[in-house]
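Read off the chains here:
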Amino acid sequence: MTNYDIAAIRDLVARRRPRHALESAFYTSPEIFAADMDAIFNRHWLYVAVECEVPEPGDALAVDIGKSSVIIVRGDDAQVRAFHNVCRHRGARLLPPGPALVGNLVCPYHAWTYGLDGALKFAEHMGDGFDRACLGLRPVALRSMAGLLFVCLSDDPPDDIDDVVRQMEPYLAPHDLKNTRVAHTADLIEYGNWKLVLENNRECYHCMPNHPELTIPLFAYGFGFAPEELSAEDLAQAERYETLRRTSHDRWEAAGLPSRLIEHLDDRPTGFRTERLPLDGSGESQTMDTMAACRVPLGTLRDKAAGGLHFWTQPNAWHHFMGDHVVTFSVIPLDEGRTLVRTKWLVHKDAVEGRDYDLENLTSVWNATNRQDADLVEMTQRGVADPAYVPGPYSPHTEGLVEKFMEWYLARLKAHLG
Amino acid sequence: MTNYDIAAIRDLVARRRPRHALESAFYTSPEIFAADMDAIFNRHWLYVAVECEVPEPGDALAVDIGKSSVIIVRGDDAQVRAFHNVCRHRGARLLPPGPALVGNLVCPYHAWTYGLDGALKFAEHMGDGFDRACLGLRPVALRSMAGLLFVCLSDDPPDDIDDVVRQMEPYLAPHDLKNTRVAHTADLIEYGNWKLVLENNRECYHCMPNHPELTIPLFAYGFGFAPEELSAEDLAQAERYETLRRTSHDRWEAAGLPSRLIEHLDDRPTGFRTERLPLDGSGESQTMDTMAACRVPLGTLRDKAAGGLHFWTQPNAWHHFMGDHVVTFSVIPLDEGRTLVRTKWLVHKDAVEGRDYDLENLTSVWNATNRQDADLVEMTQRGVADPAYVPGPYSPHTEGLVEKFMEWYLARLKAHLG
Amino acid sequence: MTNYDIAAIRDLVARRRPRHALESAFYTSPEIFAADMDAIFNRHWLYVAVECEVPEPGDALAVDIGKSSVIIVRGDDAQVRAFHNVCRHRGARLLPPGPALVGNLVCPYHAWTYGLDGALKFAEHMGDGFDRACLGLRPVALRSMAGLLFVCLSDDPPDDIDDVVRQMEPYLAPHDLKNTRVAHTADLIEYGNWKLVLENNRECYHCMPNHPELTIPLFAYGFGFAPEELSAEDLAQAERYETLRRTSHDRWEAAGLPSRLIEHLDDRPTGFRTERLPLDGSGESQTMDTMAACRVPLGTLRDKAAGGLHFWTQPNAWHHFMGDHVVTFSVIPLDEGRTLVRTKWLVHKDAVEGRDYDLENLTSVWNATNRQDADLVEMTQRGVADPAYVPGPYSPHTEGLVEKFMEWYLARLKAHLG
Ligand code: FES
Ligand code: FES
Ligand code: FES
Ligand SMILES: [Fe+3]
Ligand SMILES: [Fe+3]
Ligand SMILES: [Fe+3]
């Protein structure tokens, strides 16, 4: 009934070769997957939804996270709360995954009825000694970060979330997430371990050979390169980018848009990173023509060339905030070899499809990029499961942030295993 | 190669909180599932078929029970016997699941040929020292209870079956199962542990919110309620039912139909319960209009309003015997999270579809009810697998028989684990 | 993180009853499957492809073997080599399963580029201290046996392969495999353990009851029988066959076609067996009318009635070499209960479909036979997984080669477990 051998995992952590990919077991063992769920996903802040998905009292959203399921619901007092989606009677799920509009939370099995604050209001036939007060829904820690909703399944969530919120809100606020809506959601199951999905996201070494669409708006040299290897022409490109980044930062910050790099990936429980990055071409948006996909600007943004604010959190999210739309990604492990990547495209809540934006144009870059990344993750999952696999070295120039993710992961795992 | 940790399961059994649902592991652990198969399904009497399914010599039926498979076959001496569906040579299955008409039981692989009494009659090329006598099919214990066929996979089956047969035959005999035939079989895979399927069957707390069809013939208050919670109107209903039950029992018993409750759910290996219950409306049958679905009455029953005799056995069956038809249910665990529920509708063997009964009318209440129960079981399986699940209390008024099932289950498991 | 309990498997090996099928666990336990992969498939020579599948420099073929994958590629020097299909950077698969035409082997992830000799030629952004020399593709041992390609995944492959090649090349050479091409490939997943697939192949006891097509060209008594059981008519048949075998061997050997039995199934790591067997009817080919399916003869064979040279290797292959075509089979375990059987039909490279052969006629006997064997293997897998299964005795007349396979398997497993 124990799920994993702690000593064996500790040994694997201890013998990890720095700046190298992990050994096979980290990606393929059901035991380490169970440990990851305990140590990482059940004890850290997870990005799961956007506040605008529950705009009114009674709006609810059930989100599955592995074997867990969380109900996010806006109460009659306009507060958003989160609860475990498990009835306190015999355990039935109260809501299926997805959105719902509810008066109370009524269990489908025997109709135990909970208020939007989680209290058990009514349970039939339970007899005299029955104490409703002890049987409310179990709450889940929830934080809204300028409209991005994070939950933590632990009863003792990392308290550094306050500092992340404090640092990030000035960056995110101008995009005014509360006045957006979800224009499109895409759920993609990638056939690889969740860590391969994250590693893939934490470098652009693979962008040039794989992402013809994404590298239209994104600069190829934005995430590192070996200067000694570049041709004169490529070096000129890299310098052009560096200059653009500097001048853009100055311009944006002067206009009240915080833009400079903040990086705390491996020095705290809630690892994060942000920076506003210039985009190529018109500089407006991550689209095939680099122009804004939506005519209605977000929030207070009037500079159409607002670039793309990237915001990463560990263990499970990344986002791109642009002047016209936002793309958010959340990663939900399914088992040691399958991971759900959920992508949401947000536009201003008043934007009308067909009139203000074309859905295909809005979503095409990231739909294509996700598909390409899913293929890479699957090829890598198969390769690392091969008995002949030997972890190879990370590039010091292009995979430094992969290494930071790994350092964070191993430190968090170690902290949990003791 | 050991399949489960006996000490760990013993601890889980010992710490069970009385009158509460079980802990998650009982529903989700492959180890406890293996223990359940050993302790419960391989050592108790299982209802698997009806004698009328093998009416003539040479009629056979293969039934899969988990990894086991049993052949039920009527011999040339008209006796029904059961054998393990495993060739004594290299182990091939002799028959695929389902009915067959056979002269001998001939293995499809190398044509070893067994008589209908299980003896190995013929095996080619086995040479001189070959002793056929030791290589007959392995018998399986079989009992017919007024036409309901029970098997026990153990070599040492519980002998209390004799007493169950003795007590039950007077109840079942009037329906004359031997002169019925199967009008319809429905196999439904429910995505939940077999114990959730049984718990669901052992209470009607969930009937009002979930079974609009079943609660036409069945009384809402037939399986318990909290009197102090009922309105004056509901109390009147409950009293009407109680009076009807008493007067019906008197009338039926006077007419030679044993009807009063016998309950031995938790005090013996072969737990069972029976009672003839009045039905609402015309009182005839579990149909949408409460009228008999089949014009040809069963057996000696001439009182059309014969109610519904319910008969439960542990671990795996329940049945409803009415004046015009019988519905039988058998539960076959597939793995810790999937369970087969096989429903058979029996009518008089002379009844002709289209003339004497309409199949849709005959089956609609229980097809709908099964589908609803399958959904509830699946929602509950997901909920109890959630790390946030905490077993809640059973209702003292409506879940007493669920508690008896659990007491039986835990006692049987403990008896096996020692 | 250990995958199997060595002591428990040793006990199972030790208590095996000679000349009987194995106990259930050998066919159904994931642990023994893991041991089989280690002890058998990762340490022995496996038949995987035909040299004519990579005829020119740059022709490559990726073959999955369980969790392993091997690239077979012909270099610019015309040598065929094999490599693990795993990038030395972060482990991505270099090629998907199947054929490819390549200049270099370029990883799809970050474009690390390997020569056809496996050397890492190019890796971008890896910085100053990076040593390409240590990061070439890991080689896989490869041998061509007159055009049949064998690989061994171990770094220390059994060296008796040299002797097998030496003995077999005279038998195989007349069929001139290098001038053939693959006319058809069929991949069939059989729902049984790989050992059941091999056992099935190592006897023809099941041929009469199951293979109406195959027993047209193949003699029913070619693989043993109990003489005392045969009728006078059947005995005459058996004698006719024995005479034909003797006279055919004399004729073929005189014409330079080695034909007599060589059997080393259980006395060496690379167990094998060969013999040229006469076919019934015209004696030409394993077809429905026993006539050659292809008009272009193979190699130097001008005697159309060249029978069928059968060649078995352990653990994973069998082949039939005829005058007009060759059928090769390789067995790839997928998990304890599923096995891939890959069948390839080879004809002369100049033969043109439609003109020189009809594909349906070429493939029909073995397609039908494979389907029948897959059904038998599945029925047996289900039976041996039944708790009631008891290993039965092998026929001394018809299952002697099954016993030799088992002796080989158990000895090899024991040698590995120590
Ligand atoms: S399980 Fe929710 S009310 Fe019973
Ligand atoms: S397995 Fe049944 S006859 Fe061989
Ligand atoms: S994994 Fe092959 S180049 Fe990176
Ligand atoms: Fe990517
Ligand atoms: Fe129900
Ligand atoms: Fe066969």
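As the structure is a computational prediction, the values presented were derived from the model and not from experiment.

> Looking at this structure, how should I read a nonpolar patch on the surface?
Residue and element names in this part refer to chain A. Judged by side-chain polarity, Ile 189, Tyr 191 and Leu 334 come together as a nonpolar surface patch covering roughly 250 Å² of accessible area. Secondary-structure assignment places Leu 334 in strand β16 (residues 326–335). Take Leu 334: its relative accessible area is 33%, and that puts it in the partly exposed class.

> What exactly am I supposed to notice about the relation of the copies chain C and chain B here?
Put simply, the two copies of the chain differ by a rotation about an axis and a shift along that axis. Mapping chain C onto chain B is achieved by rotating through 120 degrees and translating by 0.1 Å along the same axis, at an RMSD of 0.0 Å. Here the symmetry operator amounts to a three-fold rotation axis.

> Teacher, can you tell me more about the side chain of B:Asp59 here?
Residue and element names in this part refer to chain B. Within the secondary structure layout, Asp 59 lies in strand β2 (residues 59–65). At 2.7 Å, the side chain of Asp 59 and the backbone nitrogen of Glu 56 are in polar contact. Setting aside chain neighbours within four positions, we find Asp 59 in contact with Val 54, Ile 72, Val 73, Arg 74, Ala 100 and Leu 101.

> It is not clear to me how the state of the cysteines should be interpreted in this structure. Could you clarify?
Defined simply, a disulfide is a covalent bond joining two cysteines at their sulfur atoms. Residue and element names in this part refer to chain A. Enumeration according to the criterion identifies three disulfides over all chains in this entry. Across a sulfur-sulfur distance of 1.9 Å, Cys 204 and Cys 207 are joined as a disulfide pair. Judged by the sign of its S-S torsion, about -90 degrees, the cystine formed by Cys 204 and Cys 207 is left-handed. In this model Cys 294 remains outside any disulfide bridge; the closest cysteine sulfur is found in Cys 52, 13 Å from its own.

> Help me out: how do you make sense of the interface of chain C and chain B in this one?
Counting residues at the interface gives 42 residues for chain C and 26 residues for chain B. In this assembly, chain C packs against chain B so that about 2700 Å² is buried in total across both faces, 57% of it on carbon and sulfur atoms. Where chain C touches chain B, the interface holds four salt bridges. The partner of B:Arg90 in a salt bridge is C:Glu199, with the nearest N and O atoms 3.7 Å apart. There are 19 residue pairs in polar contact (both at pLDDT 80 or more) connecting chain C and chain B. Listed by contribution, the elements that provide at least two residues to the side of chain C that touches chain B are α1 (6–14), α3 (30–41), α5 (194–201), α6 (207–210) and α8 (359–384) of chain C. Among the elements that line the side of chain C that touches chain B, the one with the most residues is α8(C), at six residues. Class assignment for the residues of the side of chain C that touches chain B results in 23 nonpolar, ten polar and nine charged.

> Looking at this structure, how should I read the coordination of the iron ion (ligand 4)?
Six octahedral donors at a metal ideally form angles of 90 or 180 degrees, and four tetrahedral donors ideally form angles of 109.5 degrees. Residues and elements named next belong to chain A. Distances from the iron ion (ligand 4) to its protein donors, namely His 206 (NE2), His 211 (NE2), Asp 373 (OD) and Asp 373 (OD), fall within the range 2.1 to 2.4 Å. Relative to the metal, the four donor atoms surrounding the iron ion (ligand 4) lie at angles of 57 to 146 degrees, and the coordination shape comes out irregular. Within one chain, the residues donating to the iron ion (ligand 4) are spaced in sequence as H-x4-H-x161-D. Here His 211 is found in the loop between α6 (207–210) and α7 (232–254), whereas its partner Asp 373 is found in helix α8 (residues 359–384), with 162 residues between them in sequence. Of the two residues, His 211 and Asp 373, both sit in the buried class.

Rules used throughout
- Residues numbered from 1 in each chain as written.
- Chains lettered and ligands numbered in written order.
- Predicted model: local features only at pLDDT ≥ 70, side-chain atom pairs only at ≥ 80, totals over all residues.
- Heavy atoms only, no water.
- Patch = residues over 30% accessible without salt bridge, like charges linked within 9 Å, V, L, I, M, F, W, Y side chains within 5 Å.
- Areas by Shrake-Rupley, 256 points an atom, 1.4 Å probe, with all protein chains shown as cover.
- Salt bridge = Lys/Arg side-chain N within 4 Å of Asp/Glu carboxyl O.
- Helix = DSSP H or I, 4+ residues; strand = E, 2+ residues; numbered from the N terminus.
- Buried < 20%, exposed > 50% of the residue type's maximum accessible area, 1.4 Å probe, protein only.
- Least-squares fit on C-alpha atoms with pLDDT ≥ 70 in both.
- Polar contact = N/O pair within 3.5 Å; in protein donor to acceptor, adjacent residues only side chain to side chain.
- Contact = heavy atoms within 4.5 Å.
- Disulfide = S-S within 2.5 Å.
- Buried area = accessible area lost by both parts, 1.4 Å probe.
- Nonpolar A, V, L, I, M, F, W, Y, C, P; charged D, E, K, R; others polar.
- Donors = N, O, S within 2.8 Å, 3.2 Å for Na, K, Ca; no water.
- Tetrahedral: all angles 85-135°; square planar, octahedral: opposite > 155°, others 65-115°.

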